[in-house]
Amino acid sequence: MSLLKNESFRIFFSTWSGRIGLSFLILLTAVSIYTLIMLPIPEVSARWNDPQYWADYPKSSPPSWVNIFLDRKLLETVNLQKENIEIIGNGRLAEFLVTYDGFPREIIMVVNNLKYSSRPPVITLHVIRPDGYSLEITRLTVPPPRPDEQPPYTRFAASPERILMGASDDLIREVYRLYTERFDASVTLLKIKQEGALKYLFGTPKDGEITPLKGVYRFTLTATQNDGQLSVSSFQIVLVGETYGYMGTDVIGRDLSLGLVLGFPVSLFVGVVASVLVTGLGATLGLFSGYFGGKVDNVIQRFADFINNIPILPLLIFLVFTFGTKLWIIILAFVVFGWPGLTIVTRSMVLQLRESQYVESARAIGASNLRILSKHIFPNIAPFILAQIIFLTPSFILLEAALSFLGLGDPSLPTWGQMLELGFKNAAVYLGYWWWILPPGLLIVVTALTFVMVSMGLEPVINPRVRVVKTR
Amino acid sequence: MGIYTRLLVKVLSLAAVLLAVLFFVVVILGATGVSDKILNAIVSEEVRLYRQNVAPRLVDPVALEEAVSKYREELVRAYGLDRPWYERLPDMYLRVLKLDLGRAKHAQTFGGSNKISDIIAERLPNTIILVTTAVAINLLVGILVGVRIAAHPGTKLDRATSLLSAISYAIPTWWLGIMLILIFSFYLKFFPYGGLYSSPPPEGPLLKVLDILWHATLPISALVLANVGLTIYVTKTIVFNVAQEDFVNVGRVKGLPERLINRRYIMRAAAPPILTNVILGLAGSISGAILTETVFTWPGMGSLFFEAIIYSDEALILSLVYMFTLVYVVARFVLEVLYVIVDPRVRI
């Protein structure tokens, strides 16, 4: 391949756009490959679209790092996890230490895949507050074995057990006991219920008000079972705050960083596949049109003229709307409307090549049309075609984003355009949820820009006019 | 070919394009069963109206049902719902041409009419105002700056333009619009979030115009900012290429003043290819307006298209595809006429 020869690559790499474009392209590809390897796309996409899964996450929360810029710090969401725990007999399963200063919105315990061998265990979650007082937050009784079941008994394997504790009556009573017995505070069960037990759990009375109790909270999980073995694949405690993770969450609590990461392979796939197909079809038609001339040429050129004369986006929208918002339909629609530009250019290049002396001599020796096309004409336009693939890619990335924004994206795959659509529909712009609408758009721009830059860097390498005249 | 023959050929070919697009759309609608849905919706709407009108006169419920079902049968026959879709094709075709597609599911005019032709008649001017203003500003800035940069190739400004054009190409107009709203409406509160005018609109014609301008600033800025980089780049390239032609050097050697050379030698020759690019870019502007209008809730055809998709309003989508093609074809023709004016070679 002439492109990878040192000379061409040096010219390409000497341009600033080539250098920046190539480094970004490598980065984008690396992220996509990483995503494809680390995340099973169908499964994760299904999870992305399942509101149940995100029920415990804080809704419409900015990313945690915004606190760097804020005077009044927002409460971070804390996610504590311990995996692969095994104990024999009674004892401590896990212990979490967390420094906290504020009232969490919710506190959630998640138990995943628990196995026990003899009697059903009881799992208790305790907290020791910074002031030394200890409270029992919740108590989980694991379902006993069914009559025909053989040990080990597996529980919470198909779907993890989640317990939301913020509004539980047990916690309210515990908090009431603490405040009446230790602090002599004048509280009632009803008042705690109305204001939320978590405020009291993470607070302390001060001048008649409940203020956040700052310090280290020690959460302890203990299991009570008489004997036998107990194993849990993961325990999780989530203190839901006002911010979440690196990228924040959307209105149904989805971790936006997951959607953003999933968008990489999808976006690259749509752009590159559509571009390769469009270029392939366009170039092939152009080759035939220019080489054979006559009726073939006429028919192809009329079609190309026709498609060149219509506004494409409205018709694309129409096609995707009537035939369904599936990824392959979207790509097919791109191909249907995308080929003419390249066909016209390829044709004019082939017209010149057809009259060249080496084609004439090849024909004189009796080479077949197929041979002349593949051995003499195609190699001359190949670098140009390769450059076209890169040049066309960003336009399809942008088109897919536009369709997604209009609600015509493939619903089974999360894309940046769809994130923007949902953000826009949920008034993220008017509410100032910038973390929801800025990053996906920025990624669309960066991805498209990467291909534009590479394409600009290739321009001096593959100037079609120079190539066409140069004989091999 | 004379000018008029040339223009006539262009009119005919553009008309053929329009008709062919319609044909294509109608065939798809028929083959996928969407046209049945549209016609059924029209029939049930008319039956509902008929029932309302007849009910007070026909007290006997059996007679009423009979009359209604008889009327429905008549309608089904009249609309050709009893025949396969390909036999109805010509009828459907004419229906679309006349925009006689019944009522929109959800969209309404300001006055409350939901007839599709009324809605489009109200929305079309808004889109035209937005797109033409943006295209005009884009052209003006693009050409002025592009020509200036072409005179100093290789400078930092030149390279900055290349980068700007790359960003221009990569940035979606609609997302830029969202960002402008976030910055200038949400944080700075300089401009309204969207719409065509304040509610209630201010008194007096001057204030009204200013109010619309105030609302149009952000959408027009988005359309211009996202496209102007490309226009500058293209203009620069074309002008730069022309400026190196021999006839321009001849002019310089003759000692003509630079301004004259610019105007009469370079711009005269560069105008047609620039115009060609404007023609090609127009499709982008009209399409771009679909999303930009949506973002700014500008009551044009673009936001109407968005509503039509949200409510799955097949008839409205069909009408809008037709209207967008029509607007595009007409714009192409106008530019074709301009072409004849600027390019003397065409007139021979």
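About the cut-offs
- Residues numbered from 1 in each chain as written.
- Chains lettered and ligands numbered in written order.
- Predicted model: local features only at pLDDT ≥ 70, side-chain atom pairs only at ≥ 80, totals over all residues.
- Helix = DSSP H or I, 4+ residues; strand = E, 2+ residues; numbered from the N terminus.
- Rg over C-alpha atoms; globule rule 2.2 N^0.38 Å.
- Buried ≥ 20, exposed ≤ 12 C-beta atoms within 10 Å, placed from the backbone.
- Pairing = 2+ DSSP bridges.
- Axes fitted to C-alpha atoms, helices over the stretch in contact; angles between N-to-C directions.
- Contact = placed C-beta atoms within 7 Å.
- Nonpolar A, V, L, I, M, F, W, Y, C, P; charged D, E, K, R; others polar.
- Domains from an automatic or database assignment.
- Expected span 1.5 Å × (residues − 1).
- Core = buried A, V, L, I, M, F, W, Y, C linked by C-beta atoms within 7 Å.
- pLDDT = per-residue confidence, 0-100.

Details of the overall build of chain A
- Within chain A, the secondary structure is distributed over 17 helices and 11 strands.
- Radius of gyration (C-alpha) of chain A: 32 Å, far over the 23 Å computed for a compact globule of 472 residues.
- Over its C-alpha atoms, taken along the principal directions, chain A stretches across nearly 105 × 55 × 45 Å.
- Burial analysis of chain A (472 residues in total) assigns 39% to the buried set.

Some thoughts on the sheet that holds strand β10 (residues 215-224) of chain A
All names here are of chain A.
- Pairing in this open sheet of four strands is antiparallel, and the strands run β2-β10-β4-β5 from one edge to the other. Each edge of the open sheet is held by one strand with a lone partner, namely β2 (91-100) and β5 (134-141). Taken pair by pair, the neighbouring strands of this sheet meet at an average axis angle of 15 degrees, ignoring direction.

Some words on the interface of chain A and chain B
- Taken together, the contact pairs 35 residues of chain A with 37 residues of chain B.
- With 10 residues, helix α16 (residues 434-458) of chain A is the single largest residue contributor to the side of chain A that touches chain B.
- Classifying every residue of the side of chain A that touches chain B gives 30 nonpolar, five polar and no charged.

A closer look at the pairing of strand β3 (residues 106-116) of chain A
Residues and elements named next belong to chain A.
- Of the pairings in the sheet, the one linking β3 to strand β11 (residues 229-240) comprises 10 bridges and is antiparallel in character. Note that in β11 the partner of Y116 across the bridge is L230.
- In terms of strand pairing, β3 meets strand β7 (residues 161-164) through four bridges, oriented antiparallel. Bridge pairing in β7 links V111 to E161.
- Alignment of β3 against strand β6 (residues 153-155), held across three bridges, turns out to be antiparallel. Directly across from K115, in β6, lies its bridge partner T154.

What to know about the domain arrangement of chain A
- Its domain assignment divides chain A into domain 1 (2-47 + 256-471) and domain 2 (78-240).
- The gap between the C-alpha centroids of domain 1 of chain A and domain 2 of chain A is 54 Å.

With respect to helix α3 (residues 61-79) of chain B
- Look at α3(B): 27 Å from first C-alpha to last across 19 residues, which is about the 27 Å you get at 1.5 Å a residue.
- Positive phi shows up at G80(B), right after α3(B), with a value of about 80 degrees.

Thoughts on the nonpolar core
- With 168 residues, the main nonpolar core has I317(A) and L320(B) as its most contacted residues.
- Per-element accounting of this core gives the leading share, 18 residues, to helix α13 (residues 369-405) of chain A.
- With sequence-adjacent residues up to four places away left out, I317(A) is seen in contact with L403(A), L406(A), L408(A), F305(B) and I309(B).
- In this structure, I137(A), Y179(A), A223(A) and I237(A) belong to the second largest nonpolar core, which totals 36 residues.

Remarks on helix α7 (residues 173-187) of chain B
Residue and element names in this part refer to chain B.
- In a regular helix each residue adds 1.5 Å, so 15 residues correspond to 21 Å; α7 covers 20 Å between its end C-alpha atoms and thus fits that length.
- Restricting attention to buried positions, one finds in α7 the residues T173, W174, W175, L176, G177, I178, L180, I181 and L182.
- Positive backbone phi, approximately 60 degrees, marks K189, located one or two places after α7.

Quick notes on the confidence of the model for chain A
- The predicted model of chain A has a mean per-residue pLDDT of 86, with 96% of residues at 70 or higher.
- Note on residues 464-472 of chain A: pLDDT is under 50 here. Beyond four places in sequence and across chains, it has 11 contacts.

Let's talk about unusual backbone geometry
- Phi angles above zero are rare outside glycine, and A427(A) is one such case at about 60 degrees.
- Here A427(A) shows up in the loop between α14 (416-425) and α15 (428-431).
- The phi dihedral of T297(B) falls on the positive side, at around 40 degrees, and the residue is not glycine.
- Mapped onto the fold, T297(B) is located in the loop between α10 (258-295) and α11 (301-310).
- According to the C-beta neighbour criterion, T297(B) is partly exposed, with 16 such atoms within 10 Å.

Focus: the environment of S275(A)
Residue and element names in this part refer to chain A.
- In this fold, S275 is placed in helix α7 (residues 256-292).
- For S275, a count of 25 C-beta atoms within 10 Å gives the class buried.
- In contact with S275, other than residues within four places in its own chain, are I389, L392, T393 and F396.

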